[in-house]
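Structural overview for review
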Amino acid sequence: MFPRRARGLLDFCMAVLCLWAAYHHTPAGALVRRGTAWVTGTKSSARPLLAYYDGVSGTSLSEPLVAPEVALARPLTDAEALAWGTHLAFKGLELRARRPLLELAAEVGVSSTALLDSTEGPVAARKLHAALAADFPEDEARLAALFAGRVPARYALERVRAEGGAPTLERLAQQLPPGFEGSSVGAAQALALSTAFGLAWPVHEGARVTSPFGERIHPVLGTRKMHTGVDLGVPTGTAVVAVAEGVVRRASEDAVNGRVLVLDHGRGVTTAYCHNSELVVQVGQRVERGQLVARSGNTGRSTGPHLHYQLELAARPMDPLKFRTALRSSVAKDSTP
């Protein structure tokens, strides 16, 4: 009799916990909280609906993502972007998670100091990639070897090839030996960061940045809030293009973001385009780099015509200007009022 009562109490507690989580951590809960605040005339702490979007990969990385500290002088080649991503991911990892990469660095004569340096780091990382290129020709398999070690990565690669599949990082992570499952975190970060370096710009290069990434006083709410993207001051109807090929994951409208579009570019990279006057693509549609996807506007919680452009890596907002070349960034900054 007692076990049955105990189970009933446990079920009740779990139900209450689920309701609490749904109320505080889901879009539906946010709608309920905002509706209640509107009825009672109080302030709501619910986040904007776009904040619940997790980049569709479902990846949640505990280590922080590190953005470049120096402006890039020119666009990067694919190999250079991969080296930059590896360097930045390495800097963001905890000391014990760096061990496989440090062991390889010692083997090929690259110092750990060089790997951490903002200038020398990408060059050092490229040397490590070159040392593994013969055994791991594919980028994602090589990243697995860098962050998990040669032996675990070779084991995973053989199992993936035996199944007849492509050696993607996701599949390799699933095949890593016991104890190495978390080693793919750094590799996933490096892949997302390197992909971000290759993104184009959603509007013309001369568009001025009217509000940069970071904390600011919200122009409508009047409170200090995190601005998770950059606002580009362009007239209503300005062409908005996809910054890279991808799949449309969201094409809808809400009171905060207006007509909003979210594109999934793979490798943990997503971009969002808010406050548009028109969306010209649909959910599930595949788009190409430079393809027209929307026209800018002044919809949602907005004080004037502009495009809010947001970049997320592994479900975390990053400053899009950090991944642009010095020439392009200077154009945007010089135009900022």
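As shown above, the structure is provided for reference.
Residues numbered from 1 in each chain as written. Predicted model: local features only at pLDDT ≥ 70, side-chain atom pairs only at ≥ 80, totals over all residues. Heavy atoms only, no water.

Observations regarding the overall build of the chain
As a reminder, the rule being used: Only runs of H or I of at least four residues qualify as helices and only runs of E of at least two qualify as strands under DSSP, and these elements are numbered from the N terminus. The classification of residues rests on relative accessible area computed with a 1.4 Å probe and restricted to protein chains. Under 20% of the type maximum is buried, over 50% is exposed, and intermediate values are partly exposed. Working definition of accessibility: Shrake-Rupley area with a 1.4 Å probe, residue cover restricted to the visible protein chains.
Helix and strand counts for the chain stand at 11 helices and 12 strands. Out of the 337 residues in the chain, the part that is buried amounts to 45%. With the model as given, the accessible surface of the chain reaches about 16,900 Å², and the carbon-plus-sulfur share is 56%.

As for the side chain of asparagine 276
Applied cut-off: The term polar contact refers here to a pair of N or O atoms within 3.5 Å; inside protein, the definition further demands a hydrogen-donor-capable atom paired with an acceptor-capable atom, and it admits residues adjacent in sequence only when both atoms are side-chain atoms. In what follows, residue pairs with any heavy atoms lying within 4.5 Å of each other are defined as contacts.
Among the structural elements, asparagine 276 can be located in strand β8 (residues 269–279). A distance of 3.0 Å separates a polar side-chain atom of asparagine 276 from the backbone oxygen of arginine 259. Setting aside chain neighbours within four positions, we find asparagine 276 in contact with Val240, Arg259, Val260, Ala294, Arg295, Ser296, Gly297, Thr299 and Leu307.

Quick look at helix α7 (residues 139–148)
Burial analysis of α7 places 9 of its 10 residues in the buried class, which makes it a mostly covered element. Those residues of α7 lying buried are Glu140, Ala141, Arg142, Leu143, Ala144, Ala145, Leu146, Phe147 and Ala148. Among the structural elements, α3 (78–92), α4 (99–108), α6 (121–132), α8 (150–162), α9 (169–175) and α10 (184–196) are those in contact with the buried residues of α7. Glycine 149 occupies a position one or two residues after α7 and carries a positive phi of about 110°.

Things to note about the pattern of salt bridges
Spelled out, the test is: Whenever Lys or Arg places a side-chain nitrogen within 4 Å of a carboxyl oxygen from Asp or Glu, that contact is recorded as a salt bridge.
Applying the stated criterion to the full structure yields 12 salt bridges. A salt bridge links arginine 150 to glutamate 107, with the nearest nitrogen and oxygen atoms 2.9 Å apart. Residue arginine 150 is found in helix α8, and its partner glutamate 107 is found in helix α4; the two are separated by 43 residues along the sequence. According to the relative accessible area criterion, arginine 150 is partly exposed, its value standing at 25%. Classification of glutamate 107 as exposed rests on a relative accessible area of 54%.

A closer look at the nonpolar core
Inclusion rule: In this text, buried Ala, Val, Leu, Ile, Met, Phe, Trp, Tyr and Cys residues form a nonpolar core when linked through side-chain atoms within 4.5 Å.
Phe147, Leu232, Tyr309 and Leu313 are the most contacted members of the largest nonpolar core, which totals 71 residues. Per-element tally for this core: the top contributor is α7, with 7 residues. Those residues in contact with leucine 232 that lie beyond four places of it in its chain are Trp201, Pro202, Val203, Ala207, Arg208, Val209, Thr210, His306, Leu307 and Tyr309.

Quick notes on the environment of alanine 200
Within the element layout of this structure, alanine 200 appears in the loop between α10 and β1 (208–211). Residue class for alanine 200 comes out buried when judged on its relative accessible area of 19%. For the pair alanine 200 and valine 241, spaced 41 residues apart in sequence, the C-alpha to C-alpha distance is 8.9 Å. In contact with alanine 200, other than residues within four places in its own chain, are Val243, Arg289 and Tyr309.

Notes on the packing of α7 against α10
What counts, and what does not: With axes taken as lines fitted to C-alpha atoms, and helix axes fitted only over the stretch in contact, angles between N-to-C directions fall between 0 and 180 degrees. To sort the angles, those under 35 degrees are grouped as roughly parallel, those over 145 as roughly antiparallel, those from 65 to 115 as roughly perpendicular, and the leftovers as oblique. Note on convention: near helix rotated counterclockwise from far helix by under a right angle means a left-handed crossing. Clockwise means right-handed. Lys, Arg, Asp and Glu make up the charged group, whereas Ala, Val, Leu, Ile, Met, Phe, Trp, Tyr, Cys and Pro make up the nonpolar group; the residues left over, Gly among them, are polar.
Following both chains from N to C, one finds α7 and α10 inclined at 135°, their axes separated by 8 Å at the closest point. If you check the angle between α7 and α10, you find them oblique. Between α7 and α10 lies a crossing whose hand is right-handed. Seen from α7, the contacting residues are Glu140, Leu143, Ala144 and Phe147; seen from α10, they are Gly186, Ala187, Ala190 and Leu191. A class-by-class count of the residues in the contact of α7 with α10 yields 6 nonpolar, 1 polar and 1 charged.

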